Amino acid sequence: MGKLLKYAVRYWKSVLVILMVLVLQAYCELSLPAYTSDIVNVGIQQGGIEETVPHAVPEEEMDRILLFIPLQEEKQEVLDAYYLDEDTYDTKAYVLKDTVQEDEESVEHLAGLMGVPMMIVQGFSSGSEQTKQVEEQLMSAVPKEMLPEDADVFDVLSFLPEEQMGQMLTEIQDQMADMPDTIVDQAAVVYIQSAYKMLGMDMNGIQLRYLFLTGAKMILLAFLCMMANVFVGFMASRTAARAGHDLRKQVFRKVVAFSNNEFDRFSTASLITRSTNDIQQIQMLMVMLLRIVLYAPILAIGGIYQVFRTNVSMSWIIALAVVLIGLVVLTLFIVAMPKFKMMQKLVDRLNLVAREILTGLPVIRAFSTQKHEEERFDKANRDLTKTNLFVNRAMTFMMPVMMVIMNAVSVLIVWNGALGIDNGQMQVGDMMAFIQYTMQIIMSFLMLCMISIMLPRAAVAAERVDEVLTSKTLIHDPEQPDSYSKDAKGVLEFNHVSFRYPGAEEDVLHDISFTARPGETTAIIGSTGSGKSTLVNLIPRFYDVTEGSIMLDGQDIRDVTQHELRGRLGYVPQKAVLFSGTIASNIMFGNTDGSVQEMEEAAEIAQASEFILEKPEKFDSRISQGGANVSGGQKQRLSIARAVAKHPDVFIFDDSFSALDYKTDVSLRRALKEKTADSTVIIVAQRISTILHAEQILVLDEGKIAGAGTHQELLKNCEVYRQIAASQLSEEELKGGAQV
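None of these values were measured; they are calculated from a predicted model. (Residues numbered from 1 in each chain as written. Predicted model: local features only at pLDDT ≥ 70, side-chain atom pairs only at ≥ 80, totals over all residues. Heavy atoms only, no water.)

Participant: Mind showing me how you'd approach the environment of Ala-458 here?
Facilitator: Following the sequence through the fold, Ala-458 ends up in helix 18 (residues 428-469). When its relative accessible area of 1% is taken as the criterion, Ala-458 is described as buried. Through-space distance from the C-alpha of Ala-458 to that of Gln-281 is 5.3 Å; in sequence the pair is 177 residues apart. (Helix = DSSP H or I, 4+ residues; strand = E, 2+ residues; numbered from the N terminus. Buried < 20%, exposed > 50% of the residue type's maximum accessible area, 1.4 Å probe, protein only.)

Participant: Looking at this model, I keep getting lost on the pattern of salt bridges. Mind explaining?
Facilitator: Think of it this way: side chains of opposite charge can pair up when their charged atoms draw near. By the definition in use, this model includes 14 salt bridges. Here Glu-86 makes a salt bridge to Lys-92, at a shortest N to O gap of 3.9 Å. Between Asp-507 and Arg-500 there is a salt bridge whose closest N-O contact spans 2.9 Å. Each of Glu-60, Glu-61 and Arg-64 takes part in a single network of salt bridges with overlapping partners. (Salt bridge = Lys/Arg side-chain N within 4 Å of Asp/Glu carboxyl O.)

Participant: Whenever I open this one, a negative patch on the surface confuses me. Can you help?
Facilitator: Taken together, the side chains of Asp-98, Glu-102, Asp-103, Glu-104, Glu-105 and Glu-108 make up a negatively charged region of the molecular surface. Element by element, the count of residues in the negative patch is highest for helix 6 (residues 104-126), at three residues. With respect to the element layout, Glu-105 can be found in helix 6. For Glu-105, a relative accessible area of 64% puts it in the exposed group. (Patch = residues over 30% accessible without salt bridge, like charges linked within 9 Å, V, L, I, M, F, W, Y side chains within 5 Å. Areas by Shrake-Rupley, 256 points an atom, 1.4 Å probe, with all protein chains shown as cover. Lys, Arg positive; Asp, Glu negative; His and termini not counted. Charge placed at Lys NZ, Arg CZ, Asp CG, Glu CD.)

Participant: Sorry, what's going on with a nonpolar patch on the surface here?
Facilitator: A contiguous nonpolar surface patch, about 630 Å² in accessible area, is contributed by Trp-12, Leu-16, Val-17, Leu-19, Met-20, Val-23 and Phe-231. The dominant element in the nonpolar patch, judged by the number of residues it contributes, is helix 2 (residues 12-45), at six residues. For Leu-19, the position within the fold is in helix 2.

Participant: Please explain the sheet that holds strand 4 (residues 492-499) as it appears in this structure.
Facilitator: The strands making up a sheet associate through backbone hydrogen bonding, with each pair oriented either parallel or antiparallel. An order of 5-4-7-8 is seen for the four strands of this open sheet, with the pairing classed as antiparallel. The open sheet terminates on both sides in strands that have one partner only, identified here as strand 5 (509-516) and strand 8 (555-556). (Pairing = 2+ DSSP bridges.)

Participant: So what exactly am I meant to see when it comes to the packing of aromatic side chains here?
Facilitator: Aromatic ring pairs are reported here in terms of the distance separating the ring centres and the angle at which the planes meet. Scanning all chains against the criterion turns up seven aromatic pairs. An angle of 10 degrees between the planes, with centres 4.6 Å apart, marks the rings of Phe-579 and Phe-589 as stacked. Of this pair, Phe-579 sits in the loop between strand 9 (569-572) and strand 10 (581-582) while Phe-589 is found in the loop between helix 21 (583-587) and helix 22 (596-605), placing the two residues ten residues apart along the sequence. Residue class for Phe-579 comes out partly exposed when judged on its relative accessible area of 37%. Judged by relative accessible area, which is 47%, Phe-589 ranks as partly exposed. Of the aromatic side chains, those joined through ring pairs into one cluster are Phe-499, Tyr-501 and Tyr-543. The lysine or arginine in question, Arg-568, covers the ring of Tyr-484, its NZ or CZ lying 4.5 Å from the ring centre. (Phe/Tyr/Trp six-rings, centres within 6.5 Å; stacked < 30°, edge-to-face > 60°. Lys NZ or Arg CZ within 6 Å of the ring centre and 35° of its normal.)

Participant: Please clarify how the environment of Leu-412 should be interpreted in this entry.
Facilitator: By the secondary structure assignment, Leu-412 is in helix 17 (residues 370-422). Its relative accessible area of 24% is what places Leu-412 among the partly exposed residues. Considering only alpha carbons, one finds Leu-412 and Met-314, 98 residues apart in sequence, at a separation of 9.0 Å.

Participant: What exactly am I supposed to notice about the environment of Pro-481 here?
Facilitator: Assignment of secondary structure puts Pro-481 in the loop between helix 18 and strand 4. What makes Pro-481 partly exposed here is its relative accessible area of 37%. In this structure, the C-alpha to C-alpha distance between Pro-481 and Gln-562, residues 81 residues apart in sequence, is 9.7 Å. In contact with Pro-481, other than residues within four places in its own chain, are Asp-559, Val-560 and Thr-561. (Contact = heavy atoms within 4.5 Å.)

Participant: Explain the side chain of Glu-51 to me, please; I cannot follow it from the model alone.
Facilitator: Considering the arrangement of structural elements, one finds Glu-51 in the loop between helix 2 and strand 1 (56-58). Put simply, Glu-51 is tucked away with no salt bridge, and the nearest opposite charge, on Arg-209, sits 9.0 Å away. Within the local environment of Glu-51, its side chain forms a polar contact with the side chain of Tyr-196, the two groups lying 2.8 Å apart. Residue contacts for Glu-51: discarding those within four places in its chain leaves Val-189, Ile-192 and Tyr-196. (Polar contact = N/O pair within 3.5 Å; in protein donor to acceptor, adjacent residues only side chain to side chain.)

Participant: Sorry if this is basic, but what is going on with the nonpolar core here?
Facilitator: In globular proteins that are soluble, nonpolar side chains generally tend to be buried together. One finds Met-402, Val-409 and Ile-413 to be the most contacted residues of the largest nonpolar core, which totals 65 residues. The set of elements that each furnish at least two residues to this core consists of helix 2, helix 11 (203-256), helix 13 (268-293), helix 14 (295-310), helix 15 (315-359), helix 17 and helix 18. A total of 19 residues in this core trace back to one element, the largest contributor, which is helix 18. Setting aside anything within four residues of it in sequence, one finds Ile-413 in contact with Met-314, Ile-317, Ala-418, Met-431, Phe-434, Ile-435 and Thr-438. In this structure, Ala-606, Phe-651, Tyr-721 and Leu-729 belong to the second largest nonpolar core, which totals 48 residues. (Core = buried A, V, L, I, M, F, W, Y, C linked by side-chain atoms within 4.5 Å.)

Structure below.
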């Protein structure tokens, strides 16, 4: 996880922008349930009346409300908040002052004073059985001659002595002390509705206007949420794609700088998997991190905050749901985590087997081992498939369990909420909002769970990529490199060079010393495994010497940059390598600014002109991947032409003439001799006929120089060379020397 965050932090500006947009998206999404609750509670149940203090009250109704306010100063506060309007409505009305409407504290204080009185007035006006009994008791307590003929309960109350009225109000308030605020508020809204009807206000218009405005706000929030979601998706995909691009570039640059030792450590198949599949896993998870992992906590925290604002009594349901989800995730982690760690290794294995089979298909067919190779591939494929199936089944198991938890939570909320509604503790819209908030919270945890399933595999992929990026390359440039002078000739010296492969117990080369000069050919010959190729691989610094030094024009090759050193070398590997493109692009690979004349000359020297000119497109003929559409000998000649076209100071031919017939070999070496008259030439060869006229021949035997000299000198002085020559040359050639 730390590696994934490290890659994401590099793009902190984009992450910060995404985070801000996610906060906006969460705000929009968390606001929708509240508006749903308002539509149900206010828009439908309350007829669009959302205020708890009436904006306008008929004069007669205001007198009734004041009857049930016990203190005179409180009555005055209520009257001071209103002014008398005789023109606007059907009857005289007290209208709330604008200054009071704009002051939330004043409105809240006024609601506290008028709430219970409005509820009492509404109760007496409702005509219920309970209120009728109270009215009869009050009527009987006052002499009939004191009351007008059409007197009602409010007239009776107005005739009661202050002490009796105060005592009655105290008893009423004591009875209502334990009553939930929601009941008082709902009763106040019902009273306000009846008051507005008395004033002739259009109640249907008020309701429709409220529903329309609230619905418009919900549509706007939903649109903003959609736009934020689209923007976050775009930014997350762009950031992850850029991260994948940069990682691939970093891995490629690192791999290109690898020495042979690093290639021995990381297989080619593994490097390909790390550069493609592993980085793709990181890229996919980074999108999910930016879109979900950042968003889920914001949504969950916001949802919990809203839930506690809605109804705290049901918060235990959310806690229960979170605990159950945590247990499911923990179980999946314990079961599935080991499989995720195996996944990328199995992908490596499958790539390795597929690569080997496809590369070696001609050999497989020649030895009729198709059945065996199919079984190898099937085994690797089955292992990967089984692991994938196990992981997918684990994820498939998770979804039904999560849905059961979500549905069970919904049932608990409805059951508990129904009790609250029945007791007057909450409204239907509040319960609906609570369900939506709870689902949002659970969905947040569910999203995190989905990511947690993907995280182990991506974390393994990040570790594997980081392993490549943080690997220490044994071959590196000096901090303050030297440079070769412009008049450098190409004198190459080995001074007591020994070499041991990293991790090996014995040296492969022991105390090698010789000098190769311009205009001369230095040949290296020996039995298989004697260290010939290892020796020439030290010159371009594919490996560094363990002991001693290699000097080029008097400077240690470790004191100059690898780029400058290799710029002076023309290297032809033992296994000819061509790149997809054209013949021209392959020949001019090391001299891209060279002329057509240089290209044709190089092809002529390498004896490649004949088969090139026979092709319809000549030098523009296509070369397929790995040079699969040319023969082994043609591939070698093009590799030699590539080195010749570079005009290096030092030519290195690592057994580069093995695929050539004798006639082509002779012609090529004769033309090469003229071209390399001023260059140092080092040839590794198996055939003595190739190096017969070399000015210096080194004979390697078990990593040591068994002899050095010309062909004739070695025949006399070196037993190892004499044995090699005897196995390849006739008696006459051994006695008189072969003529080229």
